[in-house]
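Each chain, written out:
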Amino acid sequence: MIVLASQSASRKAMLAAAGVQFTARPAHLDERSIEAGMAGAPPGDIARGLAVAKALAVSRADPGALVLGSDSLVEVAGRRFDKPASREDAAMHLRFFSGKAMQLHSAAALTRGGETLWQFDAMALLRVIDLSDAFIESYLDAEWPAVSGCVGVFRLEARGVQLFSAIEGDHFTVLGMPLLPVLGALREMGELPR
């Protein structure tokens, strides 16, 4: 059994659907401070750095456990976005995303005993349709606060799919974790059957 260093409903659902036994324990750390320390790094490196930091934080508290950390971040027109702080912030994000290409970077890391054993990051490209203010308001009426914990202000498995005209990249990466590489790493480590 692994420990998922997250309370993300999407990541929990992915692991459960794949038949991976896990417990979830959130990592309590200042993600913005870690990001600030990585200023200038490519988005994939930052997502991977945050995934490693989360896994290590939980790993240090439970040295014998195999811990999975994961993180996602969005970049649009050269600007990085975190989870929206409020509904108004979410609306501002969506207005900025309108008609642009969104790069969604998802990363994962496995640690044990404070040591990083494996890490990986992937990117998906999502093309956002032109969003009217009326659409944004009706979308948030239906999806807020469920999307408050979602970088990019969407859940692809819900109405968020309406935001996009095209998606290039792995489905699981868009959901917030590069699941297939994670499963491969768990098989290599003997945590899943071959």
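Residues numbered from 1 in each chain as written. Predicted model: local features only at pLDDT ≥ 70, side-chain atom pairs only at ≥ 80, totals over all residues. Heavy atoms only, no water.

Trainee: Teacher, can you tell me more about the packing of aromatic side chains here?
Mentor: To describe a pair of aromatic rings, you give the distance between the ring centres and the angle between the ring planes. Here the structure, examined in full by the defined rule, presents five aromatic pairs. Seen from their ring centres, Phe135 and Tyr139 are 6.1 Å apart, and the 10 degrees between their planes marks the pair as stacked. Taken together, the residues Phe135 and Tyr139, both in helix α5 (residues 133-143) and four residues apart, mark about one turn of the helix. Relative accessible area serves as the criterion here: at 3%, Tyr139 is assigned to the buried category. One aromatic cluster is present, built from ring pairs that chain together Phe81, Phe96 and Phe97. (Phe/Tyr/Trp six-rings, centres within 6.5 Å; stacked < 30°, edge-to-face > 60°. Helix = DSSP H or I, 4+ residues; strand = E, 2+ residues; numbered from the N terminus. Buried < 20%, exposed > 50% of the residue type's maximum accessible area, 1.4 Å probe, protein only.)

Trainee: I would appreciate a short explanation of unusual backbone geometry in the present structure.
Mentor: Glycine aside, residues mostly have negative phi angles, and peptide bonds mostly take the trans form. Of note, the bond from Trp144 into Pro145 is cis; its omega dihedral lies within 30 degrees of zero at 10 degrees. For Pro145, the position within the fold is in the loop between α5 and β7 (164-168). The backbone of Ala77 sits at a positive phi, close to 50 degrees, despite the residue not being glycine. Relative to the elements of secondary structure, Ala77 occurs in the loop between β3 (66-76) and β4 (79-81). Positive phi is not limited to glycine here, since Val153 has a value of about 60 degrees. Among the secondary structure elements, Val153 is positioned in the loop between α5 and β7.

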